[in-house]
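The residues making up each chain are set out below.
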Amino acid sequence: MALIASRLHLVWIATVCGKLKTDFRYSNTLGWNTFPVPLLTEQNKADLICCAENILLAREAHFPATIADLYDPDAMPENLRHAHEHNDEVLERIYIGRRFKNDTERLEKLFELYTKMTVALATAAPAKKAARRKSA
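Quick summary incoming for the structure in this document. Since this is a predicted model, take the numbers as computed values, not measurements. (Residues numbered from 1 in each chain as written. Predicted model: local features only at pLDDT ≥ 70, side-chain atom pairs only at ≥ 80, totals over all residues. Heavy atoms only, no water.)

Turning our eyes to something else, we now look at the side chain of Glu92. Here Glu92 is to be found in helix H5 (residues 78–96). Among residues more than four places away in sequence, those in contact with Glu92 are Gly97, Arg98, Arg99, Phe100 and Arg106. (Helix = DSSP H or I, 4+ residues; strand = E, 2+ residues; numbered from the N terminus. Contact = heavy atoms within 4.5 Å.)

Turning next to the nonpolar core. Of all hydrophobic cores here, the largest spans 17 residues; its most connected members are Leu8, Phe35, Leu48, Leu91, Tyr95 and Leu110. Listing elements by their share of this core, those giving two or more residues are helix H1 (7–16), helix H3 (42–60), H5 and helix H6 (103–135). Tallying contributions element by element places H5 first for this core, with four residues. When near neighbours in sequence (up to four residues on either side) are disregarded, Leu8 contacts Phe35, Leu91, Tyr95, Phe100, Arg106 and Leu110. Core analysis: the next-biggest nonpolar cluster, separate from the first, contains six residues, Ala58, Met76, Leu80 and Ala83 among them. (Core = buried A, V, L, I, M, F, W, Y, C linked by side-chain atoms within 4.5 Å. Buried < 20%, exposed > 50% of the residue type's maximum accessible area, 1.4 Å probe, protein only.)

Those residues of H1 that sit buried are Leu8, His9, Val11, Trp12 and Ile13. Positive phi appears at Gly18, one or two residues downstream of H1, with a value of about 80 degrees.

For an α-helix the count is 3.6 residues per turn, leaving residues at separations of three or four pointing the same way. With 19 residues, H5 extends 27 Å from end C-alpha to end C-alpha; this agrees with the ideal 27 Å at 1.5 Å per step. Directly beyond the C-terminal end of H5, a positive phi value near 85 degrees is found at Gly97. (Expected span 1.5 Å × (residues − 1).)

For the rest of this paragraph, the subject is the pattern of salt bridges. For the structure shown, the criterion picks out nine salt bridges. Across the salt bridge formed by Glu112 and Lys116, the nearest N and O atoms sit 3.4 Å from each other. Highlighted residues: Glu112 and Lys116, both in helix H6, separated by four residues, approximately one helical turn. Looking at Glu112, the relative accessible area reads 34%, which means it is partly exposed. Here Lys116 falls in the exposed class, since its relative accessible area comes to 54%. Here the salt bridges share partners, and the residues they tie into one network are Arg7, Glu92, Arg99, Asp103 and Arg106. (Salt bridge = Lys/Arg side-chain N within 4 Å of Asp/Glu carboxyl O.)

To continue, consider the state of the cysteines. Taken as a whole and judged by the stated rule, the model has zero disulfides. For the unlinked cysteine Cys50, the closest cysteine sulfur is that of Cys51, found at 5.9 Å. Cys50 sits in the partly exposed class, given a relative accessible area of 37%. Classification of Cys51 as buried rests on a relative accessible area of 1%. (Disulfide = S-S within 2.5 Å.)

Spelled out as structure tokens, the structure:
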């Protein structure tokens, strides 16, 4: 959840999935499956779980407010805004060791990782096919 709730993921979705009117066109194959995630240490995972829990707890503190109420840019509760900002900071430090300067820098890093990810998949595919042929 920490990944999906991040600015980093939102920028990726806005770029690769696009919008239909004002809503993002989210799909698991185009949006989630292509989202490049660096190798996460156990500490990274624990930190992101904590961030996700903090976001959920901040939302729960404002029950029965709706998601639309909670994420109204002009009326977002301060504790929820802070939970998201902290989540972004933790995640961005995992990616580059500091906060990104802007969305352009976010996308540059994401596409760099995406390129590495797809090259690795492309080179692994022929090796798997060859191994299957040998065992047949």
